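Examining the three-dimensional arrangement
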Amino acid sequence: MGLLLLMGDSGFNVRSELFGAGEVGTWYDPSDFSTMWQDAAGNTPVTASGDPVGLILDKSQSGPSMGSNQITNGGFGADSDWTKGTGWSIGSGVATKSAGSASVLSQAQTMTAGRYYIVTYTITRSAGTITPQFAGGSTVSGTARSSSGTFTDIMTAVSGNNTVQFSADAAFAGTVDDVSVKVLSAGNHAYQVTSGQRPALQTSSGLWYLSFDGSDDSLVTNSVDFSGTDEMTVIAGVRKLSDTTQIIAELGTSFSSNTGSFYFVAGADPSNGYSSASRGTQVSSLLQVTASLVNQPDSSVLSTTHDISSDLTTLRRNAVAAADATGEKGSGNFGNYQLFIGRRNQATLPLNGHIYQLIIRGKTTPTGKLLEAERFVRRKTGVSF
């Protein structure tokens, strides 16, 4: 545990074989403890079965890691290191703002464009709203806060960001404390900021998986930019424990409303098996491909490929192909959307089951290489074919 497990028994190297040419995508591996934390802020590592998973790092791009807190004097133990706008003061271990003028509390910090940062902080307020931001050149904003509490924002820096700041409106009266900013390694990391909606790491027969409760568990990424491709491969090791319609993974908030999107579903859509669909600018009744009837409980290695320009979606279950879907998908590439895992838009169609591996690659995959990847995933999932 804690080692980066890049290769399976077959010697298949996921990163070099599927992402070695710079393909955009994700790879989530619950058997690798070094990639998971119990909270979205990355403060408490996952160490045992039963721990909640609030953050799982993407292994597709590089060795996953998290940096140390780059904020100086985040606990405000001295009146230093921060630039105080109108109404701000530092003392008694907090930064305090009085109502009267909109202003910022800031600290110079150079960020790397395109990288994820985990920003945590504590707000105590009596009035008004305050927002964490990366500023300089352009501004990236976290969630506007109008209540007291300890919060986490996952923010992606853009070019020119060189300041961490808290932007308070004129009405804000309150304090900021315990500020932390940590950079994540490159990748499309998945997280859940709401503690009660985190899947749990579990193990059975030596296999490790994320367990989703069929109610409100889910993970989400920041936007993943697939706008440079009209091709997609999704490979998953999954166990379903219900035959209701359940989201394994979906690009965008809703396949029906987002052009350049896909979904991957377990359960009754339209039968108790598995199905997938993708689209460009057009939705057709023939876009969806469905595996044969498979009732719960069921463990499977699933792979689906999508090609918008060729109007093709394929689906394989345990290396056996279903009939292709060839309905008109319209035109264009996939979009720059968030990826939702285990629930549509973190709101509906919850997954009641397990995810052992999830690999998403912005490229179709030749059959031989796809079979090798499926064999890698089957060893993590405990199925035979």
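Below or above, wherever it landed, is the structure these notes cover. (Residues numbered from 1 in each chain as written. Predicted model: local features only at pLDDT ≥ 70, side-chain atom pairs only at ≥ 80, totals over all residues. Heavy atoms only, no water.)

**Describing the environment of L210**
- Along the polypeptide, L210 turns up in strand β16 (residues 207-213).
- Judged by relative accessible area, L210 falls into the buried class, the value being 4%.
- Taking the C-alpha atoms as reference, L210 lies 43 Å from S80; in sequence the two are 130 residues apart.
- Leave out the neighbours within four places in its chain, and L210 touches P30, M36, V53, I56, P199, A200, L201, L219, G353, H354 and I355. (Helix = DSSP H or I, 4+ residues; strand = E, 2+ residues; numbered from the N terminus. Buried < 20%, exposed > 50% of the residue type's maximum accessible area, 1.4 Å probe, protein only. Contact = heavy atoms within 4.5 Å.)

**Considering the sheet that holds strand β3 (residues 55-56)**
- The sheet built from nine strands is open, its strands ordered β2-β3-β14-β17-β26-β19-β20-β21-β22 with antiparallel pairing. Every other strand in the sheet has two partners, leaving β2 (36-37) and β22 (289-290) as the edge strands with one partner each.
- With two bridges joining them, β2 and β3 adopt antiparallel strand pairing. The residue of β3 that forms the bridge with W37 is L55. (Pairing = 2+ DSSP bridges.)

**Topic: the nonpolar core**
- Core analysis: the largest hydrophobic core is formed by 40 residues, its most contacted members being I341 and L358.
- The set of elements that each furnish at least two residues to this core consists of β16, β17 (219-225), β18 (231-240), β19 (246-251), β20 (261-268), β26 (336-341) and β27 (352-361).
- The dominant element in this core, judged by the number of residues it contributes, is β18, at four residues.
- If sequence neighbours within four positions are ignored, L358 has contacts with T26, W27, Y28, V234, I235, A236, A249 and I341.
- Formed by 26 residues, the second largest nonpolar core is a distinct cluster that contains V119, A157, V164 and V183. (Core = buried A, V, L, I, M, F, W, Y, C linked by side-chain atoms within 4.5 Å.)

**A closer look at the sheet that holds strand β9 (residues 130-135)**
- Sheet architecture is open: five strands sit in the order β4-β7-β12-β9-β10, paired in antiparallel fashion. Pairing within the sheet leaves two strands with one partner each, and these edge strands are β4 (83-84) and β10 (140-141).
- Bridge count for β9 against strand β12 (residues 163-168) is six bridges, and the pairing is antiparallel. Across the sheet, residue T131 finds its bridge partner in β12, namely S167.

**Quick word on the pattern of salt bridges**
- On inspection of all chains with the given rule, the structure shows twelve salt bridges.
- For K369, the salt bridge is made with E17, and the minimal N-O distance between the two is 3.7 Å. Within this pair, whereas K369 is found in helix α2 (residues 367-381), its partner E17 is found in helix α1 (residues 14-19), the two being separated by 352 residues in sequence.
- D32 is paired through a salt bridge with K59; the nearest N and O atoms lie 3.0 Å apart. (Salt bridge = Lys/Arg side-chain N within 4 Å of Asp/Glu carboxyl O.)

**Focus on the packing of aromatic side chains**
- Enumeration according to the criterion identifies ten aromatic pairs in this entry.
- Considering the side-chain rings of F33 and W208, the 4.9 Å spacing of their centres and the 90° angle between planes classify their relative orientation as edge-to-face. A residue pair is termed long-range when its members are at least 10 positions apart, and F33 in the loop between β1 (25-28) and β2 and W208 in strand β16 qualify at 175 residues. The same class applies to F33 as to W208, namely buried.
- Feature note: the residues Y121, F151 and F166 constitute an aromatic cluster, connected by ring pairs.
- One cation-aromatic arrangement involves K59 over W27; the distance from NZ or CZ to the ring centre is 4.4 Å.
- Looking at K240, its charged tip hangs above the ring of Y274, at a distance of 5.3 Å from the centre. (Phe/Tyr/Trp six-rings, centres within 6.5 Å; stacked < 30°, edge-to-face > 60°. Lys NZ or Arg CZ within 6 Å of the ring centre and 35° of its normal.)

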